[in-house]
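Chains, contacts and geometry: an overview
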Amino acid sequence: MRVHPEPRLGALAVILALTSPAGAQDMDARARAAAAASRAKSSDSEAISRNYLTPGLSNQPISTVDGSQSFATSLACQQSAKMLELLAQPGNSGDITHLTITRDKDLDGSFDSNLTVPVIVSGICANGIISCDAGTWNQCKSFKWDVGASGDLKLSQVAMPELSGCYCVNASCGANLVSSNLSSVLTDLGGGVIGALTTADSRIGVVQASIDGPVIRYVGAQTTACTSNPSVSATAYRANPAAISSDAFAASQSSSVFTALAGSPAASGKAEATSSCTIGREINVKSWDYDDILAVSGSIASVTSCGTNCRRYQIRGAGSCGSSPPIYTATLDPIAPTRIVSARIIEMGADDWVQARVNGEIVGYAGKRQWLGEGLPTGDCRISDDPWYNRNAIDITSRLKAGATIVGARVRGGGDGNWGYVTVEVMVDTACEVRERLVDLCAGYAGNSACRLIAEDVDGVETVRSGVNTGLRPLAQTRLFGSGSCTYQYMRDFFLRTRRYSCVTDNSATSQPDLSRAAYIIDHSTETMLADRTKAADGSLSETTRSFSMPDRPTVSSCEAICKTRAPKANSAVAPAGAVAQKQNDPTGWDSFYHVCSAALVCPLGAGEEIVTDCGCIDDFPEAVVMMQTVRLAGSDLACTAASQ
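Report follows, based on the coordinates.

1. Examining the overall build of the protein
Broken down by element type, the protein carries 13 helices and 38 strands. Looking at the protein residue by residue over its 645 residues, the buried ones come to 35%. On the protein, roughly 36,300 Å² of surface is accessible, and the fraction owed to carbon and sulfur atoms is 52%.

So this is what it looks like as structure tokens:
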């Protein structure tokens, strides 16, 4: 075997300094000790969370890798040791019949928000829950974890395809699934809740989770920005990602650091940078109800229907013959003004008089004589006669669309007739609202002459490969959006394009390094002799040779020994078509695990696991590729995505 020394001179000096066996052994021991210390601090996600994330976000000291020093951090604005607690208790049907979530919204150390889920939990998803008839998978409804405008956690009913990673937990899929898998059930429920909270408020960071019986607790902190507004500038591009390119260019023009780097030799020359981007189609369908558009409160005597999306509100009360007849009012508050079709006062009736008012302005009357002023009408107040009506409609649509509108009925009457009313009719538009937009994050690259498209995937179909069109095109797809009465099918030529561009950066002024000396050393050196060629000040070259030996190297295994195990698992996954187990011959499946073996090549089996492949150099990459390809092709048209290699 021929060994080529490293071309860099610094590396050669290190190698020559380690020619003694004692020095090599000492360096080997120090390297192994440093590696062991580093692995103990950051070998897996739990170690990183325990040693760095949790103390860093909790204002606790963080120690160095070797533990010799520690330092305090202040990465969070405020912390709470009990940011969220989730309690889940199953019932006799296997469903979770009691699910309570308690939060510390302002992270001041005390709970200030409580949510008791109003439905039973029959299935759990990564971002929501499924509620069915107790103990069955019938009449199921899907709910997604969401956060309201006030920051309170809530459940929003959605279509099943909007949920992911769903599985069944009630008796229809197995016995005692919640109790026997309580830890994973709590983790999945808590993960969905935390995901919704952190999506709504990017300042929130969760640093630790602990399970105590049927309760999972989370320690949280506020990061990113020490403000009371969750819409911080650091997360502003989430709502408008296309603005990143223009904002970055504007910032670069006024940055002295950018200008200095752009003019430096390092910024000259030519290089290629590869970037990925997407062009996605977003379609949102929203359903509307009458109460989502208009809120009414006050002296409402009755509410009647006047047809589809139409209601009539009667403002009614008893009158008085005194100098100040009472005024009965109702407030009409438009929640969605643009969806108000019409608003009219359609009738006034009284025995003896009634006066209609809108925001304090007198707009009409009903009575024996005219009453359009602040004063009282002339004549006897205690009239026992037929009632008076005024059915000339008065349009108040523009006023209601402008904001909250107060409609009043001022009633004057006595004796056997002392009543009066004003009837308001409001029609609204409850048609489903559909919003569609195309989010193009590739416009900056497509408009740059220095960039070229090297790869494109359209809804799972590879249309460009290595800069060459494959000739494949996806068929137009039909997808379902919305839920309930607002469910629509949309056919589009594409829904998601994933592209990769290669952009040339001009660095022509960069001087190329002189590698001739390194090339000479590599070509002329052997395992026992080091050859070198140096250049003198006058330009002459001199060649030298000297003895050379590599230090003894410890033996290293060809791989890290791992083992593959499996444990039985009930197929409790669910999909829009129902529980997966109902479609299979055998309702029991397997979970596969990979473990790092001990130094003695012992496989650390978990609870209920059995060994599939014992400790050794396991290569399951072909199996993983086949599984991923199967999943990809399952959601695509095989005739369209098949391509000859």
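2. Description of the environment of Ser 449
Position of Ser 449 relative to the elements: it lies in the loop between α10 (443-446) and β26 (451-458). It is 8.6 Å that separates the C-alpha atoms of Ser 449 and Cys 503, two residues lying 54 residues apart in sequence.

3. Side note on the nonpolar core
Most often, soluble globular proteins have nonpolar side chains that are buried together. Leu 84, Leu 86, Ile 96, Leu 99, Trp 145 and Leu 189 are the most contacted members of the largest nonpolar core, which has 30 residues in total. For this core, the secondary structure elements donating two or more residues are β3 (78-90), β4 (96-103), β8 (141-147), α5 (182-200) and β12 (215-222). Per-element tally for this core: the top contributor is α5, with 7 residues. Counting 28 residues, the second largest nonpolar core, distinct from the first, contains Leu 294, Leu 332, Val 354 and Val 407.

4. Quick notes on unusual backbone geometry
Residue Asn 309 is not a glycine yet carries a positive backbone phi of 60°. In this structure Asn 309 comes out as partly exposed when scored by relative accessible area, which is 26%. Residues other than glycine seldom take positive phi values, yet Asn 359 does so here, at roughly 55°. Mapped onto the elements of the fold, Asn 359 is located in the loop between β19 (353-358) and β20 (361-366). Taking the relative accessible area as the measure of exposure, Asn 359 reaches 45% and is therefore partly exposed.

5. What about empty space enclosed by the protein?
Per the stated rule, a full pass over the model turns up 1 cavity of 30 Å³ or more. Approximately 50 Å³ is the volume attributed to the largest cavity. Partitioning the lining of the largest cavity into residue classes produces 4 nonpolar, no polar and 3 charged.

6. A few points about the sheet that holds strand β10 (residues 167-168)
Overall, antiparallel pairing links the 5 strands, which are arranged β9-β8-β7-β6-β10 in an open sheet. The open sheet is flanked by β9 (153-158) and β10, the only strands paired with a single partner. Of the strand pairs in this sheet, strand β6 (residues 123-124) and β10 are connected by 2 bridges, and their pairing is antiparallel. Of the residues in β10, the one forming a bridge with Ile 124 is Tyr 167.

7. Focus: helix α12 (residues 621-634)
Think of an α-helix as turning once every 3.6 residues; residues three or four places apart then point the same way. Taking 1.5 Å as the rise per residue, α12 with 14 residues should run 20 Å; its terminal C-alpha atoms sit 20 Å apart, in good agreement. Little of α12 sits out of view: just 0 of its 14 residues are buried.

8. Thoughts on the packing of aromatic side chains
Each aromatic ring pair is described using two quantities: the centre-to-centre distance and the angle formed by the ring planes. Within the structure shown, the criterion is met by 5 aromatic pairs. Each ring, one from Trp 419 and one from Tyr 421, has its centre 6.1 Å from the other, and the planes form 10°; the classification is stacked. Using a relative accessible area of 21% as the deciding quantity, one classes Trp 419 as partly exposed. On the basis of an interplanar angle of 65° and a centroid distance of 6.0 Å, the ring pair of Phe 481 and Tyr 490 is categorised as edge-to-face.

9. Digging into the pairing of strand β23 (residues 405-412)
In terms of burial, β23 is a largely internal element, 7 of the 8 residues being buried. Looking at chain direction, strand β17 (residues 327-334) and β23 are connected through 6 bridges and run antiparallel. Along β23, the bridge assignment pairs Leu 332 with Thr 405. In terms of strand pairing, β19 meets β23 through 6 bridges, oriented antiparallel. Each bridged residue has a counterpart across the sheet, and for Trp 353 the counterpart in β23 is Arg 412.

10. Comments concerning the layout of surface pockets
Think of a ball as big as a water molecule: rolled over the atoms, this probe shows where empty space is left. By volume, the largest pocket amounts to about 1,200 Å³. Residue lining of the largest pocket: 28 residues in total, with Asp 146, Val 158, Glu 162, Asn 284 and Val 285 positioned closest to the centre. Every element with two or more residues in the lining of the largest pocket is listed here: β8, β9, α5, β13 (271-286), β25 (433-440) and β29 (477-483). Each residue belonging to the lining of the largest pocket can be placed in one class, and the counts come to 13 nonpolar, 8 polar and 7 charged. Its volume calculated, the second largest pocket comes out at about 440 Å³.

11. A closer look at the pattern of salt bridges
Side chains carrying opposite charge are able to pair once their charged atoms draw close together. One pass over the structure, following the stated rule, counts 25 salt bridges. Residue Arg 391 pairs with Glu 347 through a salt bridge whose shortest N-O separation is 2.6 Å. Remark: Glu 347 occurs in strand β18 (residues 340-351) and Arg 391 occurs in the loop between β21 (388-390) and β22 (394-395); sequence separation between them is 44 residues. Take Glu 347: its relative accessible area is 18%, and that puts it in the buried class.

12. Focus on the environment of Ile 618
The residue Ile 618 is located in the loop between β38 (610-616) and α12 in this model. Separated by 59 residues in sequence, Ile 618 and Cys 559 have C-alpha atoms that sit 8.9 Å apart. Leaving out residues up to four positions away in the same chain, Ile 618 has contacts with Ile 562, Cys 563, Lys 564, Tyr 594 and Thr 613.

13. Let's talk about the state of the cysteines
Applying the stated criterion to the full structure yields 10 disulfides. Through a disulfide, Cys 563 is tied to Cys 603; the S-S separation comes to 2.0 Å. What sets the handedness of the Cys 563 and Cys 603 disulfide is the S-S torsion sign, and at about 70° it is right-handed. Highlighted residues: Cys 563 in strand β34 (residues 562-570) and Cys 603 in the loop between β37 (588-596) and β38, separated in sequence by 40 residues. Owing to a relative accessible area of 10%, Cys 603 belongs among the buried residues under this scheme. Across the disulfide, Cys 597 is cross-linked to Cys 615 (sulfur-sulfur distance 2.1 Å). Here the disulfide of Cys 597 and Cys 615 is left-handed, its torsion about the S-S bond being about -100°. You can see Cys 597 sitting in the loop between β37 and β38 and its partner Cys 615 sitting in strand β38, a full 18 residues away along the chain.

14. Concerning the sheet that holds strand β27 (residues 461-465)
One open sheet holds the 6 strands; their spatial order is β25-β13-β31-β26-β27-β28, and the pairing between them is antiparallel. Across the chains shown, the open sheet's two edge strands, defined by having one partner strand only, are β25 and β28 (468-469). Note: β27 against β28, 2 bridges, orientation antiparallel. When the bridges of β28 are listed, Val 464 appears paired with Asn 469.

15. Re the side chain of Thr 430
Mapped onto the secondary structure, Thr 430 falls in the loop between β24 (419-428) and β25. A relative accessible area of 18% means that Thr 430 is categorised as buried. Here Thr 430 is in contact with Trp 288, Asp 289, Tyr 290, Ile 293, Asn 309 and Arg 339, once residues within four sequence places are set aside.

16. A word on the side chain of Arg 339
Examined against the element boundaries, Arg 339 turns out to sit in the loop between β17 and β18. Given a relative accessible area of 11%, Arg 339 falls into the buried group. Residues in contact with Arg 339, not counting those within four places in the same chain, are Trp 288, Ile 293, Val 428, Asp 429, Thr 430, Ala 431, Cys 432 and Glu 433.

The rules behind the values
Residues numbered from 1 in each chain as written. Predicted model: local features only at pLDDT ≥ 70, side-chain atom pairs only at ≥ 80, totals over all residues. Heavy atoms only, no water. Helix = DSSP H or I, 4+ residues; strand = E, 2+ residues; numbered from the N terminus. Buried < 20%, exposed > 50% of the residue type's maximum accessible area, 1.4 Å probe, protein only. Areas by Shrake-Rupley, 256 points an atom, 1.4 Å probe, with all protein chains shown as cover. Core = buried A, V, L, I, M, F, W, Y, C linked by side-chain atoms within 4.5 Å. 1 Å grid on protein atoms, 1.4 Å probe; cavity = no way out; pocket = protein on both sides within 12 Å on 5 of 7 lines; lining within 4 Å. Points joined across faces, edges and corners; volume = space filled by probe spheres on them. Nonpolar A, V, L, I, M, F, W, Y, C, P; charged D, E, K, R; others polar. Pairing = 2+ DSSP bridges. Expected span 1.5 Å × (residues − 1). Phe/Tyr/Trp six-rings, centres within 6.5 Å; stacked < 30°, edge-to-face > 60°. Salt bridge = Lys/Arg side-chain N within 4 Å of Asp/Glu carboxyl O. Contact = heavy atoms within 4.5 Å. Disulfide = S-S within 2.5 Å.

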